[in-house]
Amino acid sequence: MKSLRILSLLLLLPSMAWADTQDVDALVESVRQEALKEAEHDEQRIDRFLADRQQQRELLADAKAQLAAANQRADRLRNAYEGNEATLTQYAATLEERAGDLNDLFAIVRQAALSADNVLESSLVAAEQVQRSSFLQDIGKGETTPTIDNIKRLWTTVLTEISESGKVVRFNATLIKPQGDELQQVVTRAGVFTSVSDGAFLRYLPDSGKLVELSRQPAPRFQRMAQKLQDAESGMVAMALDPSKGAILSLMVQSPDLKERVRQGGSIGYLILFLGAIGVIIVIRRGISLLLARRAMDKQAIHKEASNKNALGRLKLIAVANDNESMTSLGIRLDEALAEEASFLNRGLATVAVLAAVSPLLGLLGTVTGMIETFQSITLFGTGDPKLMSGGISQALITTQLGLAVAIPLVLFHSLLTGRANRLVERLGKYSSDLLTDSELD
């Protein structure tokens, strides 16, 4: 910077040549003073630089001293840590050796706590005594050793569950109706097996901790038992219990009833039932008709006067009306009348036989139709979801069941009615022979 100023002054000298000597001396003096100031300023900067350099050396020395002290302290701590690790390992081995069977005992306690928690959470008693088993999870999954208080509490809780299993208790609880409404109602609990309210059976939901009324209730006789148990104040009352603690009851109410089974049979099932109803009507009518015919014939056998309201009377009237004819002609007329009476007595039985033969064939048709539907479902969706195949299998089995259920009774009744009709026809044939030989009535 100083050199730049001198250079600038030298460049200005030609233009200042005309100035007088006094001005030049003043200018030279000014330049000299400026140079002295610049030199003084540079010396100050050098002094500051040297002072800062000494300070940095002192700071570096302090930092190195602190680093050495920290390394020494780290070495001491590392040695202490390693010594503590060795001591802890020795203590752990000593504790393991001295604990002995206590570790097995603690493991059994933890396992028993988890097993008891699973049972108590799904028990009906949990609907009344909320959060009674929350501590069992801490015992079973906790890292700390179970204390004697934990073991006593576990034991007391299990004994309470055993005690509650033999009691009939009433308590207020939140009840979920089949429509989804939540109501506070009085619930009667029979041990840990069954709970009822207003004559309806309930089911406990462990996830929500609430009781839900079954959408489909058991048979009315079981509901009457539930109502009697709820109304009873003392004494002994008969009650249906579910030893599986709700599993059997839920399966029972989920099983389809008669209407649902018939609906599963489809149109073929309805056709089988329709044919079965026709067969039953024919069987009832023919059974009543044969019964009345037998009673009328019994009465006619006692009375001497012939009546055209029964088969014996009509045969006797034919014999009386054709008394003057020859035995051959009379026999022909009696045979014709006997054939008409036999046809009347056997009327409708052939239809029953046909219906008994057609019903299992329709059941077989339903089976084939159901299996075709099942194979179509397998083709479209595979065998991953059994529910997709259940519809066709249900139809296949239900139609077969309906066909056999209709055919078997019809075959039995057809055999029974045919035997009765044949016996009456044999009696009429014998009576016809007696008329021909002028023998007495049976």
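Residues numbered from 1 in each chain as written. Predicted model: local features only at pLDDT ≥ 70, side-chain atom pairs only at ≥ 80, totals over all residues. Heavy atoms only, no water.

## Let's talk about the pairing of strand 1 (residues 168-176)
The side chains of a regular strand alternate, residue by residue, between the two faces of the sheet.
So, point 1. Note that strand 1 and strand 2 (residues 182-190) share 9 bridges and pair antiparallel. Paired with N172 across the strands is V186, a residue of strand 2.
So, point 2. Between the antiparallel neighbours strand 1 and strand 2 lie 5 residues, among them G180 with a positive phi of about 100°.
So, point 3. Where strand 1 and strand 5 (residues 210-213) come together, 2 bridges link them in parallel fashion. By the bridge assignment, L175 is partnered in strand 5 with L211. (Pairing = 2+ DSSP bridges. Helix = DSSP H or I, 4+ residues; strand = E, 2+ residues; numbered from the N terminus.)

## What to know about helix 6 (residues 220-231)
So, point 1. Taking 1.5 Å of rise per residue, 12 residues should cover 16 Å, and helix 6 covers 16 Å from first to last C-alpha, within 8% of that figure.
So, point 2. All of the buried residues along helix 6 are F222, A226, L229 and Q230. Looking down the long axis of helix 6, one finds its buried residues gathered within 95° of arc, a one-sided arrangement. Away from its buried face by more than 90 degrees, helix 6 exposes P220, R224 and K228. (Expected span 1.5 Å × (residues − 1). Buried < 20%, exposed > 50% of the residue type's maximum accessible area, 1.4 Å probe, protein only. Arc of directions from axis to C-beta.)

## Concerning the pairing of strand 5
So, point 1. Bridging between strand 4 (residues 200-205) and strand 5 involves 4 bridges; their strand directions are antiparallel. Its bridge partner being in strand 5, L205 is matched across the sheet by K210.
So, point 2. Between the antiparallel neighbours strand 4 and strand 5 lie 4 residues, among them G209 with a positive phi of about 70°.

## Notes on the sheet that holds strand 4
So, point 1. With respect to topology, 5 strands assemble into a closed barrel ordered 1-2-3-4-5, the strand pairing being mixed. Averaged over all pairs of adjacent strands, the angle between strand axes in this sheet comes to 50°, irrespective of strand direction.
So, point 2. One ladder, built from 2 bridges, connects strand 3 (residues 194-197) with strand 4; its direction is antiparallel. Across the sheet, the residue bridging to S197 is A200, located in strand 4. (Axes fitted to C-alpha atoms, helices over the stretch in contact; angles between N-to-C directions.)

## A word on the confidence of the model for the chain
Predicted coordinates in areas of low pLDDT are best not read in detail.
So, point 1. Residues with a pLDDT of 70 or more make up 80% of the chain, whose mean pLDDT is 77.
So, point 2. Of all helices and strands in the chain, the one with the weakest mean pLDDT is helix 1 (residues 2-12) (48), whereas helix 5 (residues 148-164) scores best (85).
So, point 3. A low-confidence stretch, residues 9-13 (pLDDT under 50), is modelled with 2 contacts involving residues beyond four sequence positions or located in other chains.
So, point 4. Segment residues 15-19: pLDDT under 50, and 1 contact once partners within four positions in sequence are set aside and those in other chains are kept. (pLDDT = per-residue confidence, 0-100. Contact = heavy atoms within 4.5 Å.)

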